[in-house]
Amino acid sequence: MQTKKGAARPARAVEQRETLIEVRGLLSQFGEQVIHQDLDLDVVRGEVLGVVGGSGTGKTVLLNTIIGLKQPEGGTVSIFGHDTAEMTSEEAAEIERRTGVLFQQGALFSSLTVLENVASPLVEHTDLPRDVIRELAEMKIAMVGLKPDAHHKKPAELSGGMKKRVGLARALALDPELIFLDEPTAGLDPIGAAAFDQLIRDLSDDLGLTVFMITHDLDSLYAICDKVAVLADKHVVAKAPVKELERSDHPWIREYFLGPRGRAATQAA
């Protein structure tokens, strides 16, 4: 179903309410600087969740904590029912196979071609024959809307939008159930951002993905998110559909969604 840019996405029924990510009482800090305190958050299967917050609220810190790149100073983080602080190496490898990550700058290997970048998770995590890996990588590249002539290009030869798509193809290489997107439309022009939003929405619907997406792009929130989690005051102050957040009395939420840019996003056709 098509959704106009600026029109809030209709609520999508989530048949299974299984919690894939559970964060409880999270404490994150760097030295004396406390980033998160008593932060709670659930992400359920099939949900497209946008995560927003002002500068310094720790959006990427939260993502990195959930995927295990940062250890929390307190509280617990569970993913697929596994406490990240107590996982065995085998459990951690299983979680890595069931998730995909698109970092803000793509984080592509500069010395590898597009095909090799997308194939890298398959090489690392499977024992599939090379020809099968190549075929699967080609399928993922096509899935994100890139043509075969991109296969042998290096990241330096790609536009910003193409790098994002290659990064997304790599995140999807192992057919994950859950993907993390860090500012997926940052740096893209409005047309490119709208096309990328459409791609994410189509993939989430077609593949049944659960999506955890950090973004500052109001159009993205309205176009593709089922719910939005708002980071402020060192924790999640709200998690709700955009239309509910528009009625919030929290000062930051009101300024974000009902300020000039927020009003423009709601009125855009």
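Our structure is the block above this text.
Colleague: Help me understand the sheet that holds strand S5 (residues 82-83) in this model?
Modeller: In sheet architecture, strand pairing relies on hydrogen bonds along the backbone and comes in two forms, parallel and antiparallel. The sheet built from four strands is open, its strands ordered S2-S1-S4-S5 with antiparallel pairing. Since the sheet does not close on itself, it has two edges, and those belong to strand S2 (33-44) and S5, each with one partner. Here strand S1 (residues 19-30) runs beside S2; their pairing, made up of eight bridges, is antiparallel. Along S2, the bridge assignment pairs isoleucine 21 with valine 43. Helix-sheet contacts for helix H1 (residues 59-66) involve S1, S2 and strand S4 (74-79), and the interaxial angle to S1 is about 120°.

Colleague: Would you take a moment to explain the packing of helix H3 (residues 114-125) against helix H5 (residues 160-171) for this structure?
Modeller: Between two packed helices, the angle of one axis relative to the other and the distance separating the axes together describe the packing. Between H3 and H5, the shortest axis-to-axis distance is 7 Å and the interhelical angle comes to 30°. The angle between the axes of H3 and H5 places the two elements in the roughly parallel class. Between H3 and H5 lies a crossing of right-handed hand. Along the contact surface, H3 presents Val114, Asn117, Val118, Ser120 and Pro121, while H5 presents Val166, Ala169 and Arg170. Taken together, the residues of the contact of H3 with H5 break down into five nonpolar, two polar and one charged.

Colleague: Would you explain the pattern of salt bridges in this entry?
Modeller: Per the counting criterion, the structure on display carries 11 salt bridges. A salt bridge links arginine 24 to glutamate 22, with the shortest nitrogen-to-oxygen separation between them at 3.8 Å. For arginine 24, a relative accessible area of 31% corresponds to the partly exposed category. For glutamate 73, the salt bridge identified is with lysine 70, shortest N-O distance 2.8 Å. Overall, the relative accessible area of 40% leaves glutamate 73 in the partly exposed class. Using a relative accessible area of 13% as the deciding quantity, one classes lysine 70 as buried. Via salt bridges that share partners, Glu18, Arg45, Glu94, Arg98 and Glu177 belong to a single interconnected network.

Colleague: Just checking my understanding: could you explain the pairing of strand S9 (residues 227-232) for this structure?
Modeller: Along any regular strand the residues' side chains alternate between the sheet's two faces. For S9, the buried fraction is high: five of the six residues fall into the buried class. Note that strand S3 (residues 48-53) and S9 share five bridges and pair parallel. Bridged to glycine 50 within S9 is valine 228. Note that S9 and strand S10 (residues 235-240) share five bridges and pair antiparallel. Counterpart to leucine 231 in the pairing with S10 is valine 236.

Colleague: Looking at this structure, how should I read the packing of aromatic side chains?
Modeller: One pair of aromatic rings is described through two measures. These are the centre distance and the angle between the planes. Overall, the coordinates contain three aromatic pairs when judged by the stated rule. Measuring from ring centre to ring centre gives 4.7 Å for tryptophan 252 and tyrosine 256, while their planes differ by 15°; the resulting arrangement is stacked. Placement of both tryptophan 252 and tyrosine 256 in helix H9 (residues 251-258) is noted, with a separation of four residues, approximately one turn of the helix. Exposure remark for tyrosine 256: the relative accessible area of 16% places this residue in the buried category. Each ring, one from tyrosine 256 and one from phenylalanine 257, has its centre 5.0 Å from the other, and the planes form 85°; the classification is edge-to-face. On the accessibility criterion, phenylalanine 257 (1% relative accessible area) is buried. The positively charged end of arginine 98 is found above the aromatic ring belonging to phenylalanine 80, 3.8 Å away from the centroid. In this arrangement the basic side chain of arginine 170 is found over the ring face of phenylalanine 109, its NZ or CZ atom lying 5.2 Å from the centre.

Colleague: Would you explain the nonpolar core in this entry?
Modeller: Among soluble globular proteins, nonpolar side chains are generally buried collectively. Core analysis: the largest hydrophobic core is formed by 47 residues, its most contacted members being Leu168, Leu181, Leu221, Val228, Leu245 and Phe257. Other than its neighbours up to four places away in sequence, leucine 168 contacts Leu102, Val144, Ile179, Leu181, Phe196, Leu199 and Leu203. Residues Leu26, Leu63, Phe212 and Ala229 belong to the second largest nonpolar core, which totals 23 residues.

Colleague: Can you walk me through the side chain of threonine 210 in this structure?
Modeller: Mapping threonine 210 onto the fold places it in strand S8 (residues 210-214). With relative accessibility at 0%, the residue threonine 210 sits in the buried group. Among the polar contacts listed, one links the side chain of threonine 210 to the backbone nitrogen of glycine 46, at a separation of 2.7 Å.

About the cut-offs
- Every residue gets a number counted from 1 within its own chain, in the order that chain's sequence is written.
- The predicted nature of this model means local features are confined to residues of pLDDT at least 70 and side-chain atom pairs, given and counted, to a pLDDT of 80 or more, with totals for whole chains, interfaces and linings taken over all residues.
- Excluded from the side-chain calculations are hydrogens and water; all other atoms, namely the structure's heavy atoms, are used.
- We call two strands paired when DSSP finds no fewer than two bridges between them.
- Numbering of helices and strands starts at the N terminus; helices are DSSP runs of H or I of at least 4 residues and strands are runs of E of at least 2.
- Two residues qualify as a contact provided that any one of their heavy atoms is within 4.5 Å of a heavy atom in the partner residue.
- For every element, the axis is a line fit to its C-alpha atoms; helices are fit only across the contacting stretch, and the angle between N-to-C directions ranges from 0 to 180 degrees.
- Each angle receives one of four descriptions, namely roughly parallel if under 35 degrees, roughly antiparallel if over 145, roughly perpendicular if within 65 to 115, and oblique otherwise.
- Crossings are assigned a handedness: left-handed for a near helix turned anticlockwise from the far helix by less than a right angle, right-handed for a clockwise turn.
- Lys, Arg, Asp and Glu make up the charged group, whereas Ala, Val, Leu, Ile, Met, Phe, Trp, Tyr, Cys and Pro make up the nonpolar group; the residues left over, Gly among them, are polar.
- By definition, a salt bridge exists where a carboxyl oxygen of Asp or Glu is found within 4 Å of a side-chain nitrogen of Lys or Arg.
- Burial classes: relative accessible area under 20% of the type maximum marks a residue as buried, over 50% as exposed, and values in between as partly exposed (1.4 Å probe, protein chains only).
- Ring pairs shown here join Phe, Tyr and Trp side chains whose ring centres sit within 6.5 Å, with only the six-membered ring taken for Trp; geometry is labelled stacked below 30 degrees between planes, edge-to-face above 60, and tilted in between.
- Criterion for a charge above a ring: Lys NZ or Arg CZ within 6 Å of the ring centre, and within 35 degrees of the ring normal.
- The definition of a nonpolar core used throughout is a set of buried Ala, Val, Leu, Ile, Met, Phe, Trp, Tyr and Cys residues joined through side-chain atoms within 4.5 Å.
- Polar contact criterion, stated in full: a pair of N or O atoms within 3.5 Å, where within protein one must be able to donate a hydrogen and the other to accept it, and residues adjacent in sequence count only if both atoms are side-chain atoms.

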